[in-house]
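Chains, contacts and geometry: an overview
These are the residues of each chain, in order.
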Amino acid sequence: EPEVTQTPSHQVTQMGQEVILRCVPISNHLYFYWYRQILGQKVEFLVSFYNNEISEKSEIFDDQFSVERPDGSNFTLKIRSTKLEDSAMYFCASSRGNTGGGQPQHFGDGTRLSIL
Amino acid sequence: RKEVEQDPGPFNVPEGATVAFNCTYSNSASQSFFWYRQDCRKEPKLLMSVYSSGNEDGRFTAQLNRASQYISLLIRDSKLSDSATYLCACLRGGTALIFGKGTTLSVSS
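In this report, the structure presented in the accompanying data block is examined. (Residues numbered from 1 in each chain as written. Chains lettered and ligands numbered in written order. Predicted model: local features only at pLDDT ≥ 70, side-chain atom pairs only at ≥ 80, totals over all residues. Heavy atoms only, no water.)

Further remarks concern the interface of chain B and chain A. Contacts between the two partners involve 21 residues from chain B, matched on the other side by 26 residues from chain A. The contact between chain B and chain A buries some 1900 Å² in all, and 56% of this surface belongs to carbon and sulfur atoms. Of all residues in chain B, the largest losses of buried area upon contact with chain A belong to B:Arg41, B:Thr95 and B:Phe99, amounting jointly to 31% of the total for that side. Linking chain B with chain A are zero salt bridges. Viewed at the interface, chain A and chain B are joined by seven residue pairs in polar contact (both at pLDDT 80 or more). For the side of chain B that touches chain A, the secondary-structure elements that each account for two or more residues are β4 (33–38), β5 (44–50), β9 (84–92) and β10 (96–99) of chain B. (Contact = heavy atoms within 4.5 Å. Buried area = accessible area lost by both parts, 1.4 Å probe. Salt bridge = Lys/Arg side-chain N within 4 Å of Asp/Glu carboxyl O. Polar contact = N/O pair within 3.5 Å; in protein donor to acceptor, adjacent residues only side chain to side chain. Helix = DSSP H or I, 4+ residues; strand = E, 2+ residues; numbered from the N terminus.)

Printed below as a string of structure tokens:
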């Protein structure tokens, strides 16, 4: 069964450094997402991306965050200047079509980001 | 009121038991609903979509009550492997899934 893959599985970074999290969505999917989950808390929506632009973003997704689809397969999340509170599990997801039309989102196994 | 609320549990049940979880949502405009399962420190895995008419997938049944703004998940004949956290998710806007904190299920032999 096709799946969303994420790299690295664990990233340790000094506060203030830039970090890029990478995702390869399922190949025939058109919508891409990033979520995060702080330890012990709920999964939180960050951003959705379709047709090479952001569709929707949450209040968490401020100017420190950006997303890009640099080629036909990768989808990246960049955090420009990391803060301690950015420590979390970051999940990439993709869907074949719009979730509003009933297409479910499928999640990758996550990147654990630890900010020191 | 939180957008999506779930009883955190834990629900401790013996193998073979039937267990039900509820989830309430505050946004009456939400159109799409899902149940996900999350094992400890792993990714949410889609369990099932929830349709207005209710739907069943093997031992799992999901129901939607739009008037009362809640969705439910029923698990029959619980297995040890059903032990996990069950996440309710509602769609806000066109693309953002809003998750509850999850309900923890522990099935024992």
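That shown, we press on.
Residue and element names in this part refer to chain A. Checked against the element boundaries, His 29 lands in the loop between β3 (19–24) and β4 (31–37). The class for His 29 is buried, based on a relative accessible area of 7%. Within the structure, His 29 has its side chain in polar contact with the backbone nitrogen of Ser 95 (distance 3.4 Å). (Buried < 20%, exposed > 50% of the residue type's maximum accessible area, 1.4 Å probe, protein only.)

All names here are of chain A. One open sheet holds the four strands; their spatial order is β1-β3-β8-β7, and the pairing between them is antiparallel. Taken across any chain shown, the strands that pair with only one partner, and hence form the sheet edges, are β1 (5–7) and β7 (65–68). Averaged over all pairs of adjacent strands, the angle between strand axes in this sheet comes to 20°, irrespective of strand direction. Bridging between β3 and strand β8 (residues 75–79) involves five bridges; their strand directions are antiparallel. By the bridge assignment, Cys 23 is partnered in β8 with Phe 75. (Pairing = 2+ DSSP bridges. Axes fitted to C-alpha atoms, helices over the stretch in contact; angles between N-to-C directions.)

A few words now on the pairing of β8(A). Consecutive side chains of a regular strand alternate in pointing toward one face of the sheet and then the other. Residues and elements named next belong to chain A. The element β8 is extensively covered by neighbouring structure, given that four of its five residues are classed as buried. Of the pairings in the sheet, the one linking β7 to β8 comprises four bridges and is antiparallel in character. The partner of Glu 68 across the bridge, within β8, is Thr 76. Connecting the antiparallel pair β7 and β8 is a turn made up of six residues.

This part covers the pattern of salt bridges. The tally for this structure, following the rule as stated, stands at seven salt bridges over all chains. Its salt-bridge partner being A:Arg36, residue A:Glu44 comes within 3.2 Å of it at the nearest N-O pair. Salt-bridge contacts for B:Lys45 lead to B:Glu43; the nearest nitrogen and oxygen are separated by 3.2 Å. On the basis of relative accessibility, which here comes to 46%, the residue B:Lys45 falls in the partly exposed class.

Turning next to the state of the cysteines. Applying the stated criterion across every chain, the model contains two disulfides over all chains. Between the sulfur atoms of A:Cys23 and its disulfide partner A:Cys92 the distance amounts to 1.9 Å. On the S-S bond that ties A:Cys23 to A:Cys92, the torsion sits near -65°, and the link is left-handed. A residue pair is termed long-range when its members are at least 10 positions apart, and A:Cys23 in strand β3 and A:Cys92 in strand β9 (residues 88–95) qualify at 69 residues. With respect to burial, A:Cys23 and A:Cys92 carry one shared label: buried. The thiol of B:Cys90 is unpaired, and the distance to the nearest cysteine sulfur, on B:Cys88, comes to 4.4 Å. (Disulfide = S-S within 2.5 Å.)

The next thing to look at is the pairing of β4(A). Residues and elements named next belong to chain A. The buried fraction of β4 amounts to seven of the seven residues, a majority that puts the element mostly inside the structure. Burial of β4 is two-sided: the residues Tyr 31, Tyr 33, Tyr 35 and Gln 37 facing one way and the residues Phe 32, Trp 34 and Arg 36 facing the other way are all buried. Between β4 and strand β5 (residues 43–50), which pair antiparallel one after the other, the connecting turn spans five residues, and Gly 40 there sits at a positive phi close to 85°. Of the pairings in the sheet, the one linking β4 to β9 comprises seven bridges and is antiparallel in character. Across the sheet, Trp 34 pairs through a bridge with Cys 92, a residue of β9.

Everything listed is a geometric property; what it means functionally is a separate question.
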